[in-house]
Amino acid sequence: MIFAWLERRRRAALLATPAPPEWAETLHREYALFRRLAPEARARLVDIARVLVAEKSWEGAGGFDCDDRARVVVAAQAALLLVGIEHDYYDNIDSVVIYPAGYRVPGGRVGPDGLVVDMADRRVLGTAHSTGAVVLSWKSARAGGADADDGRNLVYHEFAHALDMLDGVVDGTPPLPDRQTYRTWFEVMTKYYERLVAAAARGRRGTLLDTYGATNVGEFFAVATEAFFEKPRQMQRRLPDLYATLKLFYRQDPAGWPRRARG
Ligand SMILES: [Zn+2]
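Residues numbered from 1 in each chain as written. Predicted model: local features only at pLDDT ≥ 70, side-chain atom pairs only at ≥ 80, totals over all residues. Heavy atoms only, no water.

Draft legend 1. Spatial organisation of the pairing of strand S2 (residues 95-99). Summarising burial for S2: four of the five residues are buried, a large majority. When strand S1 (residues 57-60) meets S2, the two strands line up parallel, connected through four bridges. Residue Ser57 lies in a different strand from S2, and its bridge partner there is Ser95. Between the parallel pair S1 and S2, the chain is carried across by helix H4 (residues 68-80), and the sense of this crossover is left-handed. The sheet contact formed by S2 and strand S5 (residues 133-137) spans five bridges and is parallel. Counted as the bridge partner of Val96 is Val134 from S5. (Buried < 20%, exposed > 50% of the residue type's maximum accessible area, 1.4 Å probe, protein only. Helix = DSSP H or I, 4+ residues; strand = E, 2+ residues; numbered from the N terminus. Pairing = 2+ DSSP bridges. Right-handed = clockwise from strand over helix to strand, strands pointing away.)

Put into structure tokens, the structure is as follows:
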């Protein structure tokens, strides 16, 4: 396709120029996990983030000034999910809308149009729409970047929904390579989803997986993604087959990353 060819050329031209020098400083200061990645992974992440910044429509809302720093911090975290996999830069997402903090969604919660709404303290921190927008709170997106080990990351969560939606349905299952992988995925994810639902019903707060993941299978995948990147050693030890399944999908091994910055 001509269009795909033009797109590839445009991307190659963009990546042939060096990243803006302030990017490295912003990422070192604002994105704790970035400092732990190996040089090759850092380079891949920055390249993906540059394409996301260039090709998505970035919009500030509610008075938020969506400046270069905000775009870099959000795009880099979104890029982490893609570093190991074959992808097309969240082809299903056209725009990223950033509010200063939590915001209220006009008209309420989940609708049949596939609107996914994440509630926290009755205010919404982030949503991913099947119509092509990811909506985020800057306060939460920034806090998520600053802390690499608290198990929570709004940007990973929302972009995991975007991956889930690539096949058109929000069912906790992104597109997978073959039937065997689907079978394993379904088995393992269902087992842990049901466990989390049972734990939530007993009123137990999830320690490793946030009980918000018991809301539905779509939320389970998003919450499991947060824990996979933010509590990988604990997940590998306590939920080894869940860790292995996510590792197979993301083709990354965060449990092997150093706990401290490489410098
Ligand atoms: Zn969610």
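Draft legend 2. View of the packing of aromatic side chains. What the rule picks out here adds up to 14 aromatic pairs. Relative to Tyr243, the ring of Phe228 has its centre 5.0 Å away and its plane inclined at 40°; by these criteria the two rings are tilted. On the criterion of sequence distance, the pair formed by Phe228 in helix H8 (residues 217-230) and Tyr243 in helix H10 (residues 240-250) is long-range, its members being 15 residues apart. Both residues of the pair, Phe228 and Tyr243, belong to the buried class. Pairwise contacts between aromatic rings join Tyr156, Trp185, Phe221, Phe228, Phe229, Tyr243, Phe249, Tyr250 and Trp257 into one cluster. When the ring centre of Phe34 is taken as reference, the NZ or CZ atom of Arg42 above it lies at 5.2 Å. (Phe/Tyr/Trp six-rings, centres within 6.5 Å; stacked < 30°, edge-to-face > 60°. Lys NZ or Arg CZ within 6 Å of the ring centre and 35° of its normal.)

Draft legend 3. Fine view of empty space enclosed by the protein. What the rule picks out here adds up to two cavities of 30 Å³ or more. What the largest cavity holds in volume is close to 60 Å³. Broken down by secondary-structure element, the contributors of at least two residues to the lining of the largest cavity are H8 and helix H9 (232-238). Its residues assigned to classes, the lining of the largest cavity shows seven nonpolar, no polar and four charged. Lining the second largest cavity, in full, are Leu52, Lys56, Trp58, Ala75, Ala78, Val96 and Phe159. Grouping the amino acids of the lining of the second largest cavity by side-chain chemistry returns six nonpolar, no polar and one charged. (1 Å grid on protein atoms, 1.4 Å probe; cavity = no way out; pocket = protein on both sides within 12 Å on 5 of 7 lines; lining within 4 Å. Points joined across faces, edges and corners; volume = space filled by probe spheres on them. Nonpolar A, V, L, I, M, F, W, Y, C, P; charged D, E, K, R; others polar.)

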